[in-house]
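Observations on the model geometry
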Amino acid sequence: MADEVSRRQFLKITPAAAAILVSAPVGALEAAAADSVNTHKQVVAALGSLFIPSKPGDPGYKDLESHGISEYVLEKFEVADLLDAFNGGAKQFFDGKTFLELDEAGREQYLGLIAEGSKITDPDQRKQLQSFYRGTRQRILRVYYSNYPAHEIKRDAAGAAILRPGEMHQISNPNLFKPKGLVTGWDVAGFKGPLGWEEEQQLREKAKRNSNNWVEGYLAKLDDKRPPAAAAIKTRDGHDYYDVIVIGGGTAGCIVAGRLAERGINPKTGDRLKVAMIEGGDDWTIRDPGVRPGYGSPIRRQYITGIPDNIGPDGSVPGPNYRWLSKDPGGENFKLVGGCTLHYGGQFWVPQEEDFHFYREASGVDWDLAKFGDAIQEVRDIYHVSAPPDSWWNKGTHLWTDAGKALGFEMYPASCATAHNSFPGTILNIGGDGMNRFDAKGNSLPWAYVGLNNGLKVIANADVQKIVIERVPGGRPVARGAIYTDKAGTTHEVRAARVIVATAANWTPPLLYKSGYGPRDLLGDKLLVENKNVGAHITGDVDLHASVFLPEPVQPDGRDGEVIGEHGPWCATTPRPWGELTIQIRSAIGGRSPESVALGTFAPGFGWEHKEYMRDGKGTRSILGWNVHFGAIPWSWRVMPDTSGERVELDEPRFTAKIKEAGEIIRDWHGKLAMKPVRTDTRGLNRTADSLEFENVLHRSGGARAGSSPENSVCTSDFDCHDIDNLLFISSCTIPRTFFWSAGPTAINAAYGWRRMIANHFSTGSSTKGFA
């Protein structure tokens, strides 16, 4: 019986009912359970028909019942425990009839009554029923408009997409496997999913004509004559030894590891450095022969599908497959050799004078724009940083821009990494977030290939547990190596003369805590080396959003609407030089991914009105958006050992006033639009600063920041640990403060970092301490 009644169900059973259960025969219990399941399915099926109705010649939800849609909805139905309350809750409003006993008109009336809420006088019941309505609406609409039952990419045991027989271009659109004649949510929305090869070719030709940054051929390629990967030597106690290990194979890790393998030397012997890069994610990105922008190489195309199916770097439903910590302490980001820093639209901010001002002010680093000049140029050259042509703007972008100019704002072109944009000048808006599926993820692979061509050893699927730190009697602690577990769960210890941590702002502090390095109040008796700044001084920016619904579509329909520029122009509301709490506003477009559109701000509740909103993408094509960015926010956070975030400082009055100011600007902007909005949504700008939680903090930096002394930082301006010999840091964790962001600051910081590391550790005349 314990197997037949869940704990949640058991707690709902009254004493009288429990007595009946105890005395009831097993067969009766099974029949009751089956009847309950059947009732729940009937409720979901009826709700599905209300949310997505159908009629002859216009299929909807009920036409997918033969494919098991209601059973699938119930599999992950987060409000399942409220099904009976919802079904029975109709009785008090409809003469004792349950929801299932009502006719279609009554059922629709009941849903509307719940959504509006005023007739439900019991506040607890109102909260319960509205919670059920929201959860049900989200689950049913998301499942239907995710293209069910052709909603998943079929993958093999390694995670690669299974292709149609004879498919030569790694096209993995789930529609290719859909039963003929079946009408799904994508069909209703006029959404085709990932591009076919012929469509890609057409876009390439268009991009070549309109872009000055088309990269034909390989941006980076493996050399057939490259040396073998560095082989470890054995220490006296049997551990693998390399000259240097880089922990983390993301954006910063690849840049540093690749260049050290190419240009660094063992200062003791003068030989090529033995460099190993340890990455928690898979290495399928480096099994292809090279990086070919605009095409994607074969293996990459099979793994990066553009479908948000919770697998791979394409993202997940209901949110992206990247965690900012605190909502799910202890969880993991998607990991990948090459990194996932670059946004799908390729947005790329190159640090300016303002950034360096904030860096120096925060922690006393000796950085300036001139010192970073070579690093900036290196990154610009490899990422091909430029602005997409405004010839690709559509009616909505022009409408948005003209209204901003009418307010007196100077419009700046978007800055994008066009070499990591499949079709420079355009963005594949597949998957709901400007899905550029082939080149944007694994975006530091060009440097990884440089490293591989020079003997870089990649240790993939390796979860680093701790850095090996030794206490030296009468001397400073020394970093000796790292301990990691492989995919099979086997533990390994690797030693090195230098250990470089490149695990980003989010993940560096927890690794250091596990290694015994950090503040005493968090580590207690596990403390080996104390530094109060470890995990502290986390800063980040915030984007708050506003949008309007216009009386007619302003975005193209069909494929022209799906393949649109994600990053149009932007402006700042104050002239340069920009200071704290600068407001920068970017244009935004509505995503075309139907499962997201169905739950959008302006989408009607349910029924035929909602279906017409969804049909052929009509609703989302009428939306304009504003991404309101706040830079150099006066706040700081620290990462706790469980990876949650604790706010340490916040100038709440100043920040709240700035949010209010931004809201007034956006409302004035609405008034300057040539087309009067039908509805507006500025709720995102009605917030107070203290309502923003750690998960709202984007593009984080700090946690092991560089600075002038161990009193205010963890490492020096040259990235050497203040407290532990032979330990270095690189990545967003070393950047003292967030101002404006995207992939740029992380990549450029790393490009500067490898130069300082070679000068100080891996060149003739450097210290030979620790080298074999």
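Residues numbered from 1 in each chain as written. Predicted model: local features only at pLDDT ≥ 70, side-chain atom pairs only at ≥ 80, totals over all residues. Heavy atoms only, no water.

**Quick look at the overall build of the chain**
Assigned secondary structure in the chain consists of 22 helices and 22 strands. For the chain, restricting intrachain contacts to residue pairs at least 6 apart in sequence, the fraction spanning at least 24 positions comes to 75%. When the accessible surface of the chain is split by element, carbon and sulfur atoms take 49% of a total near 31300 Å². (Helix = DSSP H or I, 4+ residues; strand = E, 2+ residues; numbered from the N terminus. Contact = heavy atoms within 4.5 Å. Areas by Shrake-Rupley, 256 points an atom, 1.4 Å probe, with all protein chains shown as cover.)

**Concerning unusual backbone geometry**
The linkage connecting Tyr 148 with the following residue, Pro 149, adopts the cis geometry, with an omega of 5°. With respect to the helices and strands, Pro 149 occurs in the loop between α7 (123–145) and α8 (185–189). The peptide bond linking Arg 576 to Pro 577 adopts the cis configuration, its omega dihedral lying at 0°. Looking at where Pro 577 falls in the secondary structure, it is placed in the loop between β15 (570–572) and β16 (582–589). Positioned with a positive phi, Asn 147 is a non-glycine residue whose angle comes to about 90°. One can find Asn 147 in the loop between α7 and α8. Owing to a relative accessible area of 0%, Asn 147 belongs among the buried residues under this scheme. At Asn 726, a residue that is not glycine, the phi angle is positive and equals roughly 70°. Structurally, Asn 726 can be placed in the loop between β21 (698–701) and β22 (727–729). Here Asn 726 falls in the buried class, since its relative accessible area comes to 10%. (Buried < 20%, exposed > 50% of the residue type's maximum accessible area, 1.4 Å probe, protein only.)

**Re the pattern of salt bridges**
This structure, assessed with the given rule, holds 36 salt bridges. Residues Lys 611 and Asp 58 are paired through a salt bridge, measuring 3.1 Å at the closest nitrogen-oxygen approach. On the criterion of sequence distance, the pair formed by Lys 611 in helix α20 (residues 607–614) and Asp 58 in the loop between α3 (26–51) and α4 (69–75) is long-range, its members being 553 residues apart. For the pair formed by Lys 611 and Asp 58, the shared burial category is buried. In this structure, Arg 737 and Glu 361 form a salt bridge, with 3.9 Å as the shortest nitrogen-oxygen distance. Separated by 376 residues along the polypeptide, Arg 737 in the loop between β22 and α22 (744–761) and Glu 361 in helix α12 (residues 353–363) bring together distant segments of the chain. Bridged by salt links that share partners, the residues Arg 259, Glu 262, Arg 263, Glu 378 and Arg 755 form one connected network. (Salt bridge = Lys/Arg side-chain N within 4 Å of Asp/Glu carboxyl O.)

**Things to note about the packing of aromatic side chains**
Scanning all chains against the criterion turns up 41 aromatic pairs. Ring centres of Trp 349 and Phe 740 lie 4.3 Å apart, and the angle between their planes is 70°; on these two criteria the pair is classed as edge-to-face. Pair noted here: Trp 349 is in the loop between α11 (298–303) and α12 and Phe 740 is in the loop between β22 and α22, with a separation of 391 residues, a long-range link. Each of the two residues, Trp 349 as well as Phe 740, counts as buried. (Phe/Tyr/Trp six-rings, centres within 6.5 Å; stacked < 30°, edge-to-face > 60°.)

**A closer look at the environment of His 699**
For His 699, the location among the structural elements is in strand β21. Sequence spacing of His 699 and Thr 738 is 39 residues, and the spatial spacing of their C-alpha atoms is 7.4 Å.

**Concerning the nonpolar core**
If you look at the biggest cluster of nonpolar residues, it comprises 96 residues, and the most contacted ones within it are Leu 260, Phe 348, Ile 467, Tyr 517 and Phe 729. If one sorts the elements of this core by residue count, α22 sits on top with eight residues. Of all hydrophobic cores here, the second largest spans 53 residues; its members include Phe 51, Ile 140, Leu 163 and Trp 186. (Core = buried A, V, L, I, M, F, W, Y, C linked by side-chain atoms within 4.5 Å.)

**Concerning the pairing of strand β4 (residues 275–278)**
Side-chain alternation along β4 places Val 275 and Met 277 on one buried face and Ala 276 and Ile 278 on a second face that is also buried. Judged from the three bridges that link them, β4 and strand β8 (residues 457–459) form a sheet pairing that is parallel. Bridging from a neighbouring strand, Ile 278 pairs with Ile 459 of β8. (Pairing = 2+ DSSP bridges.)

**Section: the side chain of Ser 717**
Mapped onto the elements of the fold, Ser 717 is located in the loop between β21 and β22. Given a relative accessible area of 9%, Ser 717 falls into the buried group. There is a polar contact of 3.1 Å between the side chain of Ser 717 and the backbone nitrogen of Asp 366. Not counting chain neighbours up to four residues away, the residues in contact with Ser 717 comprise Val 365, Asp 366, Trp 367, Ala 706, Gly 707 and Tyr 752. (Polar contact = N/O pair within 3.5 Å; in protein donor to acceptor, adjacent residues only side chain to side chain.)

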